[in-house]
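Residue-level structure breakdown
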Amino acid sequence: MSEIDWAAINEKLPIGRDPESKERRKKMFSDFDVNGNRLLSLAEVDKATRDVLRIDEIYDLKGAISHAFKIAKNCTKSKREVGDDYIEFREFRFFLLSLRQYFEYGVAFRLIDANEDHKISLVEFKEAQSNIEKWVGKIDAEEEFRKIDTNGGGAILFDEFCQWAIKKNLDLADDVDDFAM
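Below or above, wherever it landed, is the structure these notes cover. (Residues numbered from 1 in each chain as written. Predicted model: local features only at pLDDT ≥ 70, side-chain atom pairs only at ≥ 80, totals over all residues. Heavy atoms only, no water.)

What follows covers the packing of helix 3 (residues 42-53) against helix 5 (residues 62-73). Pairs of packed helices are described in terms of their axes, by the angle between the two and the distance that separates them. Contact geometry of helix 3 with helix 5 gives a least axis separation of 10 Å together with a crossing angle of 135°. Regarding the angle of helix 3 to helix 5, the classification is oblique. Between helix 3 and helix 5 lies a crossing whose hand is right-handed. Contact residues: Leu 42, Val 45, Asp 46 and Thr 49 in helix 3; Lys 62, Ile 65, Ser 66 and Phe 69 in helix 5. Residue composition of the contact of helix 3 with helix 5, grouped by class: 4 nonpolar, 2 polar and 2 charged. (Axes fitted to C-alpha atoms, helices over the stretch in contact; angles between N-to-C directions. Helix = DSSP H or I, 4+ residues; strand = E, 2+ residues; numbered from the N terminus. Parallel < 35°, antiparallel > 145°, perpendicular 65-115°, else oblique. Left-handed = near helix turned anticlockwise from the far one by under 90°. Contact = heavy atoms within 4.5 Å. Nonpolar A, V, L, I, M, F, W, Y, C, P; charged D, E, K, R; others polar.)

A few words on unusual backbone geometry. Despite not being glycine, Arg 38 shows a phi value in the positive range, around 65°. As for its position among the elements, Arg 38 is in the loop between helix 2 (19-32) and helix 3. Backbone geometry places Arg 54, a non-glycine residue, at a positive phi of 55°. Mapped onto the elements, Arg 54 comes out in the loop between helix 3 and helix 4 (56-59). On the basis of relative accessibility, which here comes to 60%, the residue Arg 54 falls in the exposed class. (Buried < 20%, exposed > 50% of the residue type's maximum accessible area, 1.4 Å probe, protein only.)

We now examine the environment of Leu 172. Structurally, Leu 172 can be placed in the segment after helix 10 (158-168). Separated by 38 residues in the primary sequence, Leu 172 and Lys 134 place their C-alpha atoms 7.6 Å from one another. Filtering out sequence-adjacent residues up to four positions away, Leu 172 remains in contact with Trp 6, Glu 104, Val 107, Ala 108 and Trp 135.

Let's shift gears to the side chain of His 67. Tracing the backbone shows His 67 in helix 5. At 2.6 Å, the side chain of His 67 forms a polar contact with the side chain of Asp 159. Contact partners of His 67, with chain neighbours within four places excluded, come to Tyr 102, Phe 158, Asp 159 and Cys 162. (Polar contact = N/O pair within 3.5 Å; in protein donor to acceptor, adjacent residues only side chain to side chain.)

This brings us to the nonpolar core. One finds Phe 32, Phe 95, Phe 103, Phe 125, Ile 132, Phe 161 and Leu 170 to be the most contacted residues of the largest nonpolar core, which totals 52 residues. With residues up to four places along the chain from it excluded, the contact list for Leu 170 reads Gln 101, Glu 104, Tyr 105, Ala 108, Trp 135, Val 136, Phe 161, Trp 164 and Ala 165. (Core = buried A, V, L, I, M, F, W, Y, C linked by side-chain atoms within 4.5 Å.)

The next subject is the packing of aromatic side chains. Here a ring pair, both rings aromatic, is described through the centre-centre distance and the interplanar angle of the planes. As enumerated under the stated definition, the model contains 11 aromatic pairs in all. Taking 5.3 Å as the distance between ring centres and 80° as the angle between the ring planes, the aromatic pair formed by Phe 29 and Phe 92 counts as edge-to-face. Placement of Phe 29 in helix 2 and of Phe 92 in helix 6 (residues 89-112) is noted, with a sequence separation of 63 residues between them. Phe 92 gets classed as buried once you look at its relative accessible area, which sits at 0%. The ring centre of Tyr 59 lies 3.4 Å from the NZ or CZ of Lys 62, which sits over that ring. (Phe/Tyr/Trp six-rings, centres within 6.5 Å; stacked < 30°, edge-to-face > 60°. Lys NZ or Arg CZ within 6 Å of the ring centre and 35° of its normal.)

This paragraph deals with helix 2. The terminal C-alpha atoms of helix 2, which comprises 14 residues, lie 20 Å apart, in line with the 20 Å expected from a rise of 1.5 Å per residue. Listed as buried for helix 2 are Ser 21, Arg 25, Met 28, Phe 29 and Phe 32. Across the axial projection of helix 2, the buried residues extend over an arc of 105°, all falling on one side. More than 90 degrees from the buried face of helix 2, the exposed residues found are Pro 19, Glu 20 and Lys 27. Contacts from the buried residues of helix 2 go to helix 1 (6-12), helix 3 and helix 6. (Expected span 1.5 Å × (residues − 1). Arc of directions from axis to C-beta.)

Here you go:
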């Protein structure tokens, strides 16, 4: 991946609790909601990541978008009959926070996945151990690999990696974490 402008990405994601951020989120939600039903589908979120947010790096990491969508749509119980399959405005801030976090996990995953086959082999994991330890602390590569590979397939998939990254509080060393909350 090319050099990522983390500050620019953070600026495009109005996740703060201040009035200005909330107003930006309202406008952004409206821009995402192309059919005006006050619900966002995965298709709308995916398209808006490209057309509204204009963050190609995130758009290219479809896994980050779908993971953020899944976790956000389930963060509250909807009062609408179809709402649990969609993101409502009250879940939108959480979606943006999750999108930023899963994007960071996606960047880490791609840095480890040297042959770009969308899975991490034990060899790739061991070769990336020094970087991984910068993000999560000291690990035994083989033991950690076995823990992450929960389906026993002999490779780490993005879903498995994200679950592990959450537990380990993975934090890339070069990203900018000081965005307005």
